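Residue strings, one per chain:
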Amino acid sequence: MEFDRSGVNALMEITSRPDLVFVRGQGAWLEDHNGKRYLDFIQGWAVNCLGHSPSLIVEALNRQATQLINPSPAFYNQPSIDLAKRLTGASCFDRVFFANSGAEANEGAIKLARKWGRLNRNGAYKIITFDHGFHGRTLATMSASGKPGWDTIYAPQVNGFSKADLNDLDSVRKLIDDETVAVMLEPVQGEGGVIPASSEFMQALRKLTAERGLLLIVDEVQTGMGRTGKLFAYEQSGIKPDIMTLAKGIGGGIPLAALCAREEVCCFEHGDQGGTYNGNPLMTAVGVAVFDAITAPGFLAAVNARAEQLSAGLLALSAKWGMKGERGAGLLRALKMDRADGALIVTTARDWSPEGMLLNSPRPDLLRFMPALNVTATEIDLMLARLDEVIAKIRA
Ligand SMILES: *Cc1c(COP(=O)(O)O)cnc(C)c1O
């Protein structure tokens, strides 16, 4: 069976896509236009934290859509108040600004830090970020990201982002000057290849930033909402950042993001920040439903159990095939391979018959796994067994 390709060239070409369309998804499975099923360990890039089309999201959307979709952010709506209350109640932050994407939440964090620097630090505006970091695709967040060349593709870009090395406190200390206002990092670098910041580093960074009067911003767009086995990854090191951004998992697949900050830092004045869709009740109602599912008794314990299972399974595969082990936190993990056949593994797994499997290779010698947080033990075993078959075929 073919799908209707007549409009394909009406899409702007921004990436190479396989020649298929996905028509439905349920839980850990996606189905394409031919009815072929795929076990999904990408889940919309760590977005669908409860799997594809979970009934609680469908119900929240239906319920809210029939009541109120968007009264405008110039008015209160109950779901946004309810979600802000939940997020502040479960974290060290006092206030929330809702946005629509991770990049937009990070833009807000950068603006908030710069405004705070103007008011409290004599106009300090520079933010220290990290090599291999990823913060989004707007002009400022591309500059903040640590991908080679990303700060100049659309020159002149936003300046004021110097890059330190993750887990190297001296590299941060050396970059601090009178114009520095904040340090911003992902607790686990996701797009950079699942590289965790160590607890010692997070603690030392908190101490250093506090001593020097700098804000600490954690970009938890990928690590937040239970992904690492705690609700927020910063909790793993017992620190209290000043600002946190969330997206991806917070909406379970729908566009929702949040900028969270401690009261002392909340210095936006009326007119400084906003957005037509921000905090709309349709998306925040979903956010409430997702939050309640992730924080239900036993949910994070199950995430941690599945994480141990995935970690052990990847280690066994690594040992069998002479690879270099695995790393990660919770259900954000990577298999470190001994050679650069990641792209071939990804396409072979996808094209596997009769059922395919979706994996991601953020670096040629690395596979990344970001299943739904409610993935079952059986699904993890199936993925591991199939990955073993794929590797066996490729390396035969
Ligand atoms: C995905 C991601 C972003 C960007 O989020 P978008 O919703 O794609 O704008 C920012 N930071 C991190 C850590 C991410 O993983």
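Further up the page is the structure itself.
So, here is what we can say about the structure in this document. Model, not experiment: these values are computed from the prediction. (Residues numbered from 1 in each chain as written. Predicted model: local features only at pLDDT ≥ 70, side-chain atom pairs only at ≥ 80, totals over all residues. Heavy atoms only, no water.)

### Concerning a nonpolar patch on the surface
Here comes step 1: Taken together, the side chains of Leu139, Ile153 and Tyr154 present a nonpolar region at the surface, about 310 Å² in accessible area.
Here comes step 2: Within the element layout of this structure, Leu139 appears in helix α5 (residues 139-144).
Here comes step 3: Taking relative accessible area as the criterion, Leu139 reaches 43% and is therefore assigned partly exposed. (Patch = residues over 30% accessible without salt bridge, like charges linked within 9 Å, V, L, I, M, F, W, Y side chains within 5 Å. Areas by Shrake-Rupley, 256 points an atom, 1.4 Å probe, with all protein chains shown as cover. Salt bridge = Lys/Arg side-chain N within 4 Å of Asp/Glu carboxyl O. Helix = DSSP H or I, 4+ residues; strand = E, 2+ residues; numbered from the N terminus. Buried < 20%, exposed > 50% of the residue type's maximum accessible area, 1.4 Å probe, protein only.)

### Observations concerning the pattern of salt bridges
Here comes step 1: Overall, the coordinates contain 23 salt bridges when judged by the stated rule.
Here comes step 2: For Arg95, the salt bridge goes to Glu263, with nearest N and O atoms at 2.9 Å. Taken together, the positions of Arg95 in strand β4 (residues 95-99) and Glu263 in the loop between β12 (257-261) and α8 (281-294) put the pair 168 residues apart, joining distant regions of the chain.
Here comes step 3: A relative accessible area of 47% places Arg95 in the partly exposed class.
Here comes step 4: Judged by relative accessible area, Glu263 falls into the partly exposed class, the value being 37%.
Here comes step 5: Here Asp170 makes a salt bridge to Arg173, at a shortest N to O gap of 2.5 Å. With Asp170 and Arg173 both in helix α6 (residues 169-173) and three residues apart, the pair spans about one turn of that helix.
Here comes step 6: Here the residues in one salt-bridge network are Arg206, Asp242, Arg262 and Glu264, joined through shared partners.

### Topic: the site of the ligand
Here comes step 1: Surrounding the ligand, one finds Ser101, Gly102, Ala103, Asn106, Phe134, His135, Gly136, Glu186, Asp219, Val221, Gln222 and Lys248.
Here comes step 2: Contact distances for the ligand include 2.8 Å between a nitrogen atom and a side-chain N or O atom of Asp219.
Here comes step 3: Within the side chain of Lys248, a nitrogen or oxygen atom sits 2.6 Å from an oxygen atom of the ligand.
Here comes step 4: In isolation the ligand has 380 Å² of accessible area, and contact with the protein removes 81% of it.
Here comes step 5: Tallying contributions element by element places helix α4 (residues 102-120) first for the shell around the ligand, with three residues.
Here comes step 6: Residues belonging to the shell around the ligand are distributed by class as follows: three nonpolar, six polar and three charged. (Near = heavy atom within 4 Å. Polar contact = N/O pair within 3.5 Å; in protein donor to acceptor, adjacent residues only side chain to side chain. Nonpolar A, V, L, I, M, F, W, Y, C, P; charged D, E, K, R; others polar.)

### Concerning empty space enclosed by the protein
To find leftover empty space, one rolls a probe the size of a water molecule over the atoms.
Here comes step 1: Taken as a whole, this structure holds one cavity of 30 Å³ or more when the rule is applied.
Here comes step 2: Roughly 40 Å³ of internal volume is contained in the largest cavity.
Here comes step 3: For the lining of the largest cavity, the residue count by class is five nonpolar, three polar and two charged. (1 Å grid on protein atoms, 1.4 Å probe; cavity = no way out; pocket = protein on both sides within 12 Å on 5 of 7 lines; lining within 4 Å. Points joined across faces, edges and corners; volume = space filled by probe spheres on them.)

### A word on the sheet that holds strand β11 (residues 243-246)
Here comes step 1: Taken together, the seven strands give an open sheet; going across it, the order is β4-β12-β11-β10-β7-β5-β6, and neighbouring strands pair in mixed fashion. In this open sheet, the two strands that pair with only one neighbour each are β4 and β6 (161-164). Put simply, the sheet's adjacent strands are angled 20° from each other on average, direction ignored.
Here comes step 2: In this sheet, β11 lies alongside strand β10 (residues 215-219) in parallel orientation, the contact comprising three bridges. The residue of β11 that forms the bridge with Val218 is Met244.
Here comes step 3: Along the sheet face, helix α3 (residues 78-89) touches β4, β11 and β12 and points at about 125° away from the line of β4. (Pairing = 2+ DSSP bridges. Axes fitted to C-alpha atoms, helices over the stretch in contact; angles between N-to-C directions. Contact = heavy atoms within 4.5 Å.)

### Points about the packing of helix α10 (residues 342-351) against helix α11 (residues 377-395)
Here comes step 1: At a minimum axis separation of 10 Å, α10 and α11 run at an interaxial angle of 115°. Both α10 and α11 take part in a crossing whose hand is right-handed. Judged by residue contacts, Leu344, Ile345, Thr348 and Ala349 of α10 engage Leu387, Val390, Ile391 and Ile394 from α11.
Here comes step 2: Looking at the contact of α10 with α11 residue by residue, the classes come out as seven nonpolar, one polar and no charged. (Left-handed = near helix turned anticlockwise from the far one by under 90°.)

### Topic: the packing of aromatic side chains
Here comes step 1: As enumerated under the stated definition, the model contains five aromatic pairs in all.
Here comes step 2: Taking 5.2 Å as the distance between ring centres and 90° as the angle between the ring planes, the aromatic pair formed by Phe22 and Tyr38 counts as edge-to-face. Placement of the pair is Phe22 in strand β1 (residues 22-26) and Tyr38 in strand β3 (residues 37-40), with a sequence separation of 16 residues.
Here comes step 3: Residue classification places Phe22 among the partly exposed residues on the basis of a relative accessible area of 36%.
Here comes step 4: Lying over the aromatic face of Phe3, Arg5 brings its terminal NZ or CZ to 4.3 Å of the ring centre.
Here comes step 5: The ring of Trp29 has Arg37 lying over it, and the distance from NZ or CZ to the ring centre is 4.2 Å. (Phe/Tyr/Trp six-rings, centres within 6.5 Å; stacked < 30°, edge-to-face > 60°. Lys NZ or Arg CZ within 6 Å of the ring centre and 35° of its normal.)

### Examining the side chain of Gln222
Here comes step 1: Here Gln222 lies in the loop between β10 and β11.
Here comes step 2: A distance of 3.0 Å separates a polar atom in the side chain of Gln222 from a polar atom in the side chain of Glu191.
Here comes step 3: A polar contact is formed between the side chain of Gln222 and the side chain of Arg368, at a distance of 2.9 Å.
Here comes step 4: Setting aside chain neighbours within four positions, we find Gln222 in contact with Ala46, Gly190, Glu191, Arg227, Lys248, Leu332, Arg368 and Met370.

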